[in-house]
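# Summary of the model geometry
Here is what each chain is made of, one letter per residue.
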Amino acid sequence: MNGGDVAVAGAGDDDLKSPLLPVVHSEEPFERQTVGQQLRAIFAPKNCYIALGPLLCAVVCLCVRLGGDETTTAKNMLGVLAWMFAWWLTEAVPMPITSMTPLFLFPLFGISAADVVADSYMDDVISLVLGSFILALAVEHYNIHRRLALNITLVFCVEPLNAPLLLLGICATTAFVSMWMHNVAAAVMMMPVATGILQRLPSSSSSSEVVPPAVGKFCRAVVLGVIYSAAVGGMSTLTGTGVNLILVGMWKSYFPEADPISFSQWFFFGFPLALCIFVVLWGVLCVMYCPKGAGKALSPYLHKSHLKRELELLGPMNFAEKMVLAVFGGLVLLWMTRNITDDIPGWGVIFNGQAGDGTVSVMMATLLFIIPSKIKKGEKLMDWSKCKKLPWNIVLLLGAGFAIADGVRTSGLAEVLSKGLVFLETAPYWAIAPTVCLIAATITEFTSNNATTTLLVPLLIEIAKTMGIHPLLLMVPGAIGAQFAFLLPTGTPSNVVGFTTGHIEIKDMIKTGFPLKIAGTIFLSILMPTLGAYVFASKGGD
């Protein structure tokens, strides 16, 4: 203690006056900007986009007349929506920051109290996201995804080599992984596995040998297969993509008296739909990129022994990997059995329906911080330092979507919008559902899937009420259509992951993505009023 006091006393007044952070002295002389340069800096596109949000909000609040029984709160809500979507679409401000704007815009505009808005950023759906992402990080940390991919691919790598079958193995593995974690994370984790297989193939830039055309085509097929399989697999489950979670959260917000959509219910509808789209995806890739004789051209470079060698390098599964896999399997089992059918209740009835999917998600994630890894003394399977990559941007975006849903409903804007959609009462469902899906699939090419869903779903709820049909009959096509971002690299981060490998071009994505988008719309239009009506029959919302 005394030594510390002496050290402080001897430090001198100069040290106390020194800045907390080092001062950086520029070696280059300061150049005074001209008036023209200053104006160009002020009116740069980025700054104009930033000003666009508040400007649109002011125009809506001061000039727009909604008609009917409009209220100031409803008009303010519309203005705030214009502000937020302007920033989301232009990315003038980082999307996570835009997602937090309801926390101050809603109270300032008299839409909701601060505590009410804050509640939207942490509910059972967001708990589901946090728990599943922590588990996904554990799977990634212990290389379980890589071991799984190699084992499944080995099954499909037969002798003599069958290119379509090998492609099926890679795509099916990616889709399966994407079912249990976010589709972007699945694409990021599976792409190195896929490109590791492709690295054994000769490159077209190599001058030492002539590369068969089938090799280049197969490389494109694999990369396209990974990014699209991640998107399709994510449609199967609630945890596969943020869009599904936004849909479930908005359903809960708009219809609190109705039964929530459970993990198992969504799976019973989402999996058959995803399976149909996946079969079309594989067929399109085989027709376009796996010509006859492709297996013979690839066989000199791809062999089962290569995959076995990579698997051997991983070594046998240790205790930590087995425990993470056991926790993962237990979580899936609990998700699927919480609420089975009306006749066969799941384990949720034991707790009088108070336990949700987020409950078990966080509970199983907590076990990872309790179970020892047996790698180092005192080390657990997970610690907080391994959770630094948690996608808080997705959590905040989900919270913003739920806050918007609450704001549209409580402000009276939903009622105003519904009165303007009376003309749709006589429109047939078979015409509206595909149109909704195609509109969502088009918008999502230019903005994020989550932002598209957040924009469209509240409007679709009002359209469904006007038409006198169950809201989910339009909400689901709109939300799933927002996941059909198959044409452009910028449509979704998964597409960027594949595009940056250098194996594919935009024309490859358009050739493959367009028939996939059309097939998805057709399947969705058929399955929603048939299978969907049966699966979601017990839901309220009328």
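All values reported here derive from a predicted model rather than from experimental measurement. Per chain, residue numbering runs from 1 following the sequence as it is written. Local features in a predicted model are, by the rule used here, given only for residues with pLDDT of at least 70; side-chain atom pairs are given and counted only at 80 or more, and totals for whole chains, interfaces and linings are based on all residues. Each side-chain value is worked out from all heavy atoms of the structure, with water and hydrogens disregarded.

### What to know about the overall build of the protein chain
Helix and strand content of the protein chain: 26 helices and zero strands. All accessible-area figures derive from a Shrake-Rupley calculation using a 1.4 Å probe, and residue coverage is judged against the displayed protein chains alone. When the accessible surface of the protein chain is split by element, carbon and sulfur atoms take 66% of a total near 25,400 Å². Secondary structure elements are defined from DSSP: runs of H or I of at least 4 residues count as helices, runs of E of at least 2 residues count as strands, and each element is numbered from the N terminus.

### A short note on the packing of aromatic side chains
Aromatic ring pairs are described here by two measures, namely the spacing of the ring centres and the angle between the planes. Centre distance within 6.5 Å is the pairing criterion for rings of Phe, Tyr and Trp, where only the six-membered ring of Trp is used; planes under 30 degrees apart are then read as stacked, over 60 as edge-to-face, and the remainder as tilted. This structure, assessed with the given rule, holds 14 aromatic pairs. For the pair Trp 83 and Trp 87, a centre-to-centre distance of 5.6 Å together with 85° between the ring planes defines the contact as edge-to-face. Here Trp 83 and its partner Trp 87 are both found in helix H5 (residues 72-90), four residues apart, which amounts to about one turn of the helix. Think of it in three bands: with a 1.4 Å probe and only protein chains considered, a residue is buried below 20% of the maximum accessible area for its type, exposed above 50%, and partly exposed in between. Looking at Trp 83, the relative accessible area reads 13%, which means it is buried. On the numbers, 6.4 Å between centres and 45° between planes, the contact of Trp 266 with Phe 536 is tilted. One end of the pair, Trp 266, is in helix H15 (residues 263-289); the other, Phe 536, is in the segment after helix H26 (506-535), and 270 residues separate them in sequence. The exposure class assigned to Phe 536 is buried, which follows from its relative accessible area of 2%. Counting every residue linked through ring pairs, the aromatic cluster contains Phe 176, Trp 180, Phe 263 and Phe 328. We call a charge positioned over a ring when the NZ of a Lys or the CZ of an Arg lies within 6 Å of the ring centre and within 35 degrees of the ring normal. The ring of Phe 319 carries the charged tip of Lys 374 above its face, separated from the ring centre by 4.4 Å.

### Points about the confidence of the model for the protein chain
With 87% of its residues at a pLDDT of 70 or more, the protein chain has an overall mean of 81. Mean pLDDT across the secondary structure elements of the protein chain bottoms out at helix H1 (residues 2-9), with 44, and peaks at helix H7 (residues 102-108), with 94. Summary of the metric used: pLDDT quantifies the predictor's per-residue confidence within the range 0 to 100. Residue contacts are counted whenever heavy atoms from the two residues lie within 4.5 Å of one another. Scored below 50 in pLDDT, residues 1-12 shows zero contacts in the model against residues more than four places distant or in partner chains.

### What to know about the packing of helix H14 (residues 242-254) against helix H24 (residues 472-481)
H24 packs onto H14 with a crossing angle of 155° between their chain directions and a minimal axis gap of 10 Å. Taken together, the axes of H14 and H24 are roughly antiparallel relative to one another. Between H14 and H24 the crossing geometry is right-handed. For the pair H14 and H24, contact is made by Val 243, Leu 247 and Trp 251 and by Leu 472, Met 475, Val 476 and Ala 479, respectively. Considered class by class, the residues forming the contact of H14 with H24 number seven nonpolar, no polar and no charged. Each axis is a line fitted through C-alpha atoms, and for a helix only the stretch in contact is used; angles between axes span 0 to 180 degrees, taken between their N-to-C directions. Just so you know how the angles are binned, under 35 degrees is roughly parallel, over 145 roughly antiparallel, 65 to 115 roughly perpendicular, and the rest oblique. Should the near helix be turned counterclockwise from the far one by less than a right angle, the crossing is left-handed, whereas a clockwise turn marks it as right-handed. Under the scheme applied, nonpolar residues are Ala, Val, Leu, Ile, Met, Phe, Trp, Tyr, Cys and Pro; charged residues are Asp, Glu, Lys and Arg; polar residues are all the others, including Gly.

### Thoughts on the nonpolar core
Definition used in this section: a nonpolar core is a set of buried Ala, Val, Leu, Ile, Met, Phe, Trp, Tyr and Cys residues joined via side-chain atoms within 4.5 Å. Phe 218, Phe 269 and Leu 474 are the most contacted members of the largest nonpolar core, which has 168 residues in total. Ranked by residues supplied to this core, first place goes to helix H13 (residues 213-234) with 13 residues.

### A closer look at the pattern of salt bridges
What makes a salt bridge here is a side-chain nitrogen of Lys or Arg within 4 Å of a carboxyl oxygen of Asp or Glu, nothing more. Evaluated as defined, the whole model comprises six salt bridges. Between Arg 147 and Glu 321 there is a salt bridge whose closest N-O contact spans 3.1 Å. Of this pair, Arg 147 sits in helix H10 (residues 144-156) while Glu 321 sits in helix H18 (residues 319-337), placing them 174 residues apart in sequence. No difference in accessibility class separates Arg 147 from Glu 321, as the two residues are buried.

### Some thoughts on the state of the cysteines
Note on terminology: pairs of cysteine sulfur atoms within 2.5 Å are recorded as disulfides. Tallying each qualifying case throughout the model produces zero disulfides. In this structure Cys 171 is not part of a disulfide, and its nearest cysteine sulfur, from Cys 286, lies 8.2 Å away. By relative accessible area, which is 1% here, Cys 171 ends up buried. Sulfur of Cys 286: no disulfide; nearest cysteine sulfur belongs to Cys 290 and is 4.8 Å away. Looking at Cys 286, the relative accessible area reads 14%, which means it is buried.

### Some details on the environment of Thr 101
In this structure, Thr 101 sits in the loop between helix H6 (95-99) and H7. For Thr 101, a relative accessible area of 2% gives the class buried. Considered as a pair, Thr 101 and Trp 83 are 18 residues apart in the sequence and their alpha carbons are 9.5 Å apart. Leave out the neighbours within four places in its chain, and Thr 101 touches Met 84, Trp 87 and Phe 106. Under this definition, polar contacts are N or O atom pairs within 3.5 Å; protein pairs additionally need one hydrogen-donor-capable and one acceptor-capable atom, and for neighbouring residues in sequence, both atoms have to be side-chain atoms. Within polar-contact distance, the side chain of Thr 101 engages the backbone oxygen of Thr 98 at 2.6 Å.

### So, the side chain of Glu 321
Given a relative accessible area of 7%, Glu 321 falls into the buried group. At 3.1 Å, the side chain of Glu 321 forms a polar contact with the side chain of Arg 147. Ignoring any residue separated from it by four or fewer positions in sequence, one finds Glu 321 in contact with Tyr 142, Ile 144, Arg 147 and Pro 316.

### A short note on helix H17 (residues 304-314)
Among the residues of H17, His 306, Leu 307, Glu 310 and Leu 311 are the ones counted as buried. End-on view of H17: buried residues confined to an arc of 135°, all on one side of the axis. Gly 315, located one to two residues past H17, shows a positive phi value of around 75°. Our arc is simply the arc of the directions from the helix axis toward the C-beta atoms.

### Brief notes about unusual backbone geometry
Of note, Glu 91 is a non-glycine position whose phi angle comes to about 55°, a positive value. One can find Glu 91 in the loop between H5 and H6. Overall, the relative accessible area of 53% leaves Glu 91 in the exposed class. Here Lys 374, not a glycine, exhibits a phi torsion of approximately 60°, which is positive. Summarising the element assignment, Lys 374 is placed in the loop between helix H19 (357-367) and helix H20 (392-410).

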